[in-house]
Amino acid sequence: MTGDADTDGMFGDGGDSARAAEYVLGLLPEAEAGAFAARIVAEPALAAEVAFWQSRLSALDAEFEPAAPPARTYAAIERRLFGARQSPLNVNRLWGSLGLWRGLAAAGLAVALLAVGIGVVAPDIWHGTSDLPRLVASLQADGSDVRFVAVYDPSRAELALAGLSGSTNDQSDFELWFIEKDKKPVSLGLVAAAERTIVGLTPEARRALAEGALLAITREQKGGSPDGAPHGPLVAAGQPVQI
Amino acid sequence: MATADIASLIARTALKDRAAFSALYQLTSAKLFGVCLRILRERSEAEDAVQEIYVKVWQRADRFAAGPYSPMSWLIAVARNHCLDRLRGRRAPAADLDAAYDIPDEGPTPEQTTLGSETARSIEGCLETLETARADAVRGAYLDGQSYAELAETHNVPLNTMRTWLRRSLIKLKECLSQ
């Protein structure tokens, strides 16, 4: 036995076992660790050795002292994963900010006209066969990058929506709701993020819109809310104004 | 906190259940943040790291099978490895290192692999059979994320000596743990 105690090869399996422990401990230099990781995937016996060390060393985990992370951490995690700030749909708060929206009605109209002008909302929605006034809503929310324009044509009993910004992913969908004062939100179904969606309206929905219901969009799980109530965060909302 | 609860929350997180992910965070974030604080030693770095770790947990929850690891030790391993990567300034390649932890154990399994086996010698007991400085070095690597260079400096020996000491200590530990 030489004085050089490099154990590779000298002790056969001892070399690999020590290396597996070094791997778990994070002591291998980056290139070596990468090469070792490749071996682990290819060699079940080595994988078992790593599992052994990880399992036994994890008994030391008790020595990590827990410490509460800052309160804002979870919201930050959700932002990283899911995008926009996550405020749950609060119907009372929504109605409470109505005064602000009435002031923004003109701005909303301008957005809507722009949307028509750039072809996002089809002009024929605006030139229907009836003289009934149309309702237009610009949908948005604080802390959210989602913007929609909604145009309601009473003669067709249809709501045309166009997403101007914001997106979903393979884990989420946008769901549209109308909300009457002091009533629960009622789903109008899913709306597409970057295209035009035409939503057919029930008589009840038509009546509600004519009487000043709000429109709101939440980000729900893929396929929409499973039970007809909003669960995801509010991403856009607005009150239709007559034009 | 019941192990079965955490395992089931991880499984539901793998199915993209956000309520389960939130509950998992509530139950485990203090421990994982503690890991970050200890290894990174700097609060704002630890805050960044813990967020990145939970992003990884969300993305990789499907890799946690009811395999050789307890759910808490899997989470802590994700946290430790992430902190080590930050410490060493590593970028993308390190992500693949974690993949090696997820390979199900198909080869010859030492009986001591199963957590909770009462017949297995404990790491604490076996560490006590080593010289104090050697045991401290093992702890320093696992708990503080010290590199060989840092360990050598802490113990005031040349780098190669520390490597030799530690490898010999690991072999002794293996013998002790295998009894």
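Digging into the interface of chain A and chain B
Facing the 61 residues of chain A at the interface are 69 residues of chain B. Summing both partners gives a buried area of about 5,800 Å² for chain A against chain B, and 64% of it is carried by carbon and sulfur. Of all residues in chain A, R56(A), F64(A) and Y74(A) bury the most surface against chain B, accounting for 13% of the area lost on that side. Along the contact surface separating chain A from chain B lie six salt bridges. Among the salt bridges present, the one from R80(A) reaches D48(B), with a minimum N-O distance of 3.9 Å.

What about the sheet that holds strand β6 (residues 196-200) of chain A?
Residue and element names in this part refer to chain A. Pairing within the open sheet is antiparallel, and its five strands lie in the order β6-β3-β2-β1-β9. Either end of the sheet is taken by a strand with one partner, and the two such strands are β6 and β9 (241-242). Pairing between strand β1 (residues 135-139) and β9: two bridges, direction antiparallel. Of the residues in β9, the one forming a bridge with V136 is V241.

Quick notes on the state of the cysteines
All names here are of chain B. Using the criterion set out here, one finds one disulfide over all chains in the structure. One disulfide in the model links C126 with C176; its S-S distance is 1.9 Å. An S-S torsion of about -80° defines the bridge between C126 and C176 as left-handed. Residue C126 is located in helix α6 (residues 123-127), and its partner C176 is located in helix α9 (residues 159-177); the two are separated by 50 residues in the primary sequence.

Thoughts on the sheet that holds strand β7 (residues 214-221) of chain A
Residue and element names in this part refer to chain A. In space, the four strands of this open sheet follow the order β5-β4-β7-β8, with antiparallel pairing throughout. Edge positions in the sheet fall to β5 (186-191) and β8 (234-238), since each of these pairs with one other strand and no more. Put simply, the sheet's adjacent strands are angled 25° from each other on average, direction ignored. Relative to β5, strand β4 (residues 172-179) runs antiparallel, the two sharing five bridges. Bridge pairing in β5 places W177 opposite S187.

Let's talk about the environment of E42(B)
Residue and element names in this part refer to chain B. Note that E42 resides in the loop between α2 (18-40) and α3 (43-60). A distance of 3.2 Å separates polar atoms of two side chains, one belonging to E42 and the other to S44. A distance of 3.1 Å separates the side chain of E42 from the backbone nitrogen of E45, its partner in a polar contact.

Some points on the pattern of salt bridges
Inspection of every chain in the model, using the stated rule, returns 20 salt bridges over all chains. One salt bridge connects R72(A) with E47(B), and the closest N-O pair in it is separated by 3.6 Å. Within this pair, whereas R72(A) is found in the loop between α3 (44-57) and α4 (73-82), its partner E47(B) is found in helix α3, the two belonging to separate chains. The partner of R86(B) in a salt bridge is E52(B), and the shortest N-O contact between them spans 2.9 Å. Here E52(B) lies in helix α3 and R86(B) lies in helix α4 (residues 71-87), a separation of 34 residues in the sequence. By relative accessible area, which is 23% here, R86(B) ends up partly exposed. Salt bridges here are not isolated pairs; linked through shared partners, they connect R19(A), E22(A), E32(A) and R167(B).

Rules of the game
Residues numbered from 1 in each chain as written. Chains lettered and ligands numbered in written order. Predicted model: local features only at pLDDT ≥ 70, side-chain atom pairs only at ≥ 80, totals over all residues. Heavy atoms only, no water. Contact = heavy atoms within 4.5 Å. Buried area = accessible area lost by both parts, 1.4 Å probe. Salt bridge = Lys/Arg side-chain N within 4 Å of Asp/Glu carboxyl O. Pairing = 2+ DSSP bridges. Helix = DSSP H or I, 4+ residues; strand = E, 2+ residues; numbered from the N terminus. Disulfide = S-S within 2.5 Å. Axes fitted to C-alpha atoms, helices over the stretch in contact; angles between N-to-C directions. Polar contact = N/O pair within 3.5 Å; in protein donor to acceptor, adjacent residues only side chain to side chain. Buried < 20%, exposed > 50% of the residue type's maximum accessible area, 1.4 Å probe, protein only.

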